[in-house]
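# Structural description and commentary
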Amino acid sequence: MRGGSGGMPENTVGERLKRFQARYQSTVTRLLLLVVFVIGLIAQFVKPVGDALQGKVFLGSALLSVVAYVLYDKVNDLDASLRLPSRAQVKSRELGTFVTEAFRARTVEISFLGYTGETLYNELYHRLEGLHEDPGPTRHVVVRFLVPDFRAPMTVPSRVGADGLPVDDEEFRRRIEVKCREFDQRLSAIAQRLTSVGRVTAACEYRFYPGIPRDKICIFNRELVLHGLYDVSARTMGFSPEPDYYDPQGYRTDLNIWSREDTDDAKAAIVTWNRHFDALWELAARPPWHRGMPG
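Before going into details, it helps to say that this report is about the structure given with it.

Calculation rules
Residues numbered from 1 in each chain as written. Predicted model: local features only at pLDDT ≥ 70, side-chain atom pairs only at ≥ 80, totals over all residues. Heavy atoms only, no water. Helix = DSSP H or I, 4+ residues; strand = E, 2+ residues; numbered from the N terminus. Expected span 1.5 Å × (residues − 1). Buried < 20%, exposed > 50% of the residue type's maximum accessible area, 1.4 Å probe, protein only. Contact = heavy atoms within 4.5 Å. Pairing = 2+ DSSP bridges. Axes fitted to C-alpha atoms, helices over the stretch in contact; angles between N-to-C directions. Phe/Tyr/Trp six-rings, centres within 6.5 Å; stacked < 30°, edge-to-face > 60°. Salt bridge = Lys/Arg side-chain N within 4 Å of Asp/Glu carboxyl O.

To continue, consider helix 5 (residues 118–130). Between its first and last C-alpha atoms helix 5 spans 19 Å; for 13 residues at 1.5 Å apiece the expected length is 18 Å, and the two agree. Considered for burial, the residues of helix 5 that qualify are Thr119, Leu120, Tyr121, Leu124 and Leu128. Packing partners of the buried residues in helix 5 comprise helix 4 (95–102), strand 2 (107–113), strand 3 (140–148), helix 6 (170–197), strand 6 (201–209) and strand 7 (215–220).

Spelled out as structure tokens, the structure:
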């Protein structure tokens, strides 16, 4: 599967028009209302102008324009108050909302960097299955998971030693790798079935990065980034006589939000996150068990 190296345009015509509209719409609207008001009054009391415009309802139009002018700010304030406030942070268990929104696009690209990707996998599995019955606008899907290389010794995940220090546990690492392999193969199987039908092309793939699971990153359609930090000291209690393990709980991770609809700083951060993930993806190792179709 090919990692998307080309990000979205940084300063498209559409974005410039949106900024122009946001900046000048209020001023232009007020000017137009004032012009209507002034013309209405002139037409009402200056007969040649009224005759030239051939209208007899200019006073009413003028009064209406004044009322509209006065109410304009109130309507804007009401609209702003009814608009849902943007949130700076969400829970990992809310990922389903972002997955659903991402699948409203014709081309869907979802990228993950973290521990096992189980929380995101649970949302994606049912969403991809649903494309068989109703693909909606979606025609292309690319899903990329970057997880730690569990084949190498690690401090997290690991066994909790007698002194509380981490002790590498090959068997525990192997169990987590098997879980990732199952996620990869299930998503890849769905993607292959979708592609074989022909209505939607899809590709899903897991790759390994070196290191421990510290950051949790989800990127949706290269437009929205969720980022949080795992609690690397979180423990899973083993059943006796099994020991405890350092095992981050991804579903408990709080995620900060960056969106292209926010500030210029947020847009710049999204560009950086996309570039960073693309670079990691190109350098990442392909697991020997992946049987998907590289795109």
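What follows is about the sheet that holds strand 2. Pairing is mixed across the open sheet formed by 7 strands, whose spatial order is 1-11-8-7-2-3-6. Each end of this open sheet is capped by a strand with a single partner; those strands are strand 1 (89–91) and strand 6. Here the average twist between neighbouring strands, direction ignored, is 15 degrees. Pairing analysis gives 3 bridges linking strand 1 to strand 11 (residues 254–259), with the strands arranged antiparallel. What sits directly across from lysine 91, in strand 11, is aspartate 254. Those strands touched by helix 4 are strand 1, strand 2, strand 7, strand 8 (224–229) and strand 11, and its axis lies near 30 degrees from that of strand 7.

A few words on the packing of aromatic side chains. Applying the stated criterion to the full structure yields 11 aromatic pairs. Consider the rings of tryptophan 258 and tryptophan 273, whose centres lie 6.2 Å apart with planes at 55 degrees: the pair is tilted. Within this pair, whereas tryptophan 258 is found in strand 11, its partner tryptophan 273 is found in helix 7 (residues 264–283), the two being separated by 15 residues in sequence. Look at tryptophan 258 and you get partly exposed, because its relative accessible area is 24%.

Moving on to the pattern of salt bridges. In total, this model carries 16 salt bridges according to the counting rule given. Salt-bridge contacts for glutamate 118 lead to lysine 179; the nearest nitrogen and oxygen are separated by 3.6 Å. Pair noted here: glutamate 118 is in helix 5 and lysine 179 is in helix 6, with a separation of 61 residues, a long-range link. By relative accessible area, which is 33% here, glutamate 118 ends up partly exposed. Overall, the relative accessible area of 34% leaves lysine 179 in the partly exposed class. For arginine 286, the salt bridge goes to glutamate 205, with nearest N and O atoms at 3.5 Å. In this pair, arginine 286 sits in the segment after helix 7 while glutamate 205 sits in strand 6, placing the two residues 81 residues apart along the sequence. Here the salt bridges share partners, and the residues they tie into one network are Glu109, Arg144, Arg222 and Asp278.

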